Amino acid sequence: MDIEWRTLTEKDIPAWAELLRAAEEVDHEDEHSSEEDLAEELADPQFEPERGSLAGFDGASLVALGIVRMGTPLDGLLRIGHFGVVHPAYRGHGLGNRLLTWAPTVARPLHAEHFRMRRSC
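The following refers to the structure shown. (Residues numbered from 1 in each chain as written. Predicted model: local features only at pLDDT ≥ 70, side-chain atom pairs only at ≥ 80, totals over all residues. Heavy atoms only, no water.)

**A word on the layout of surface pockets**
Roughly 310 Å³ of internal volume is contained in the largest pocket. Every residue lining the largest pocket is counted, 16 residues in all, and those nearest its centre are Leu20, Glu31, Ser33, Phe83 and Val85. Where the lining of the largest pocket is concerned, the elements lending two or more residues are α1 (13-27), α2 (35-43) and β4 (80-86). Per-element tally for the lining of the largest pocket: the top contributor is α1, with 5 residues. (1 Å grid on protein atoms, 1.4 Å probe; cavity = no way out; pocket = protein on both sides within 12 Å on 5 of 7 lines; lining within 4 Å. Points joined across faces, edges and corners; volume = space filled by probe spheres on them. Helix = DSSP H or I, 4+ residues; strand = E, 2+ residues; numbered from the N terminus.)

This is how it looks when you write it as structure tokens:
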């Protein structure tokens, strides 16, 4: 399987919506995100897609996506969230494992950077 890995960009929003739709058909999580919802998420200041996203493409199709983003501080805790999804037709080939291995390598430096910034305020 020849998957191209790169960060998520604005031009990927339609492919992102399609990936989520395909996963919802199988997973039944009752999550339905429009392209407008995804554009808002991509523009959220708590999300740095150039650092906090890993998108796997098979040609023009987005088949795996991992997102790491800063959460809103709650009770003095600085939280980081991780979301990952693999297209149902591509499951069982190690793509999810790649996303799970990648996430801590991004989350640790983001947390350290944001924690340092909060402590200096």
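**A closer look at the packing of α1 against α2**
For the pair α1 and α2, interaxial distance at closest approach is 9 Å and the crossing angle is 115 degrees. For the crossing formed where α1 meets α2, the hand is right-handed. Residue-level contacts link Ile13, Pro14, Trp16, Ala17 and Leu20 of α1 to Glu35, Leu38, Ala39, Glu41 and Leu42 of α2. Tallied by class, residues from the contact of α1 with α2 come to 8 nonpolar, no polar and 2 charged. (Axes fitted to C-alpha atoms, helices over the stretch in contact; angles between N-to-C directions. Left-handed = near helix turned anticlockwise from the far one by under 90°. Contact = heavy atoms within 4.5 Å. Nonpolar A, V, L, I, M, F, W, Y, C, P; charged D, E, K, R; others polar.)

Limitation: the analysis is restricted to geometry and does not speak to function.
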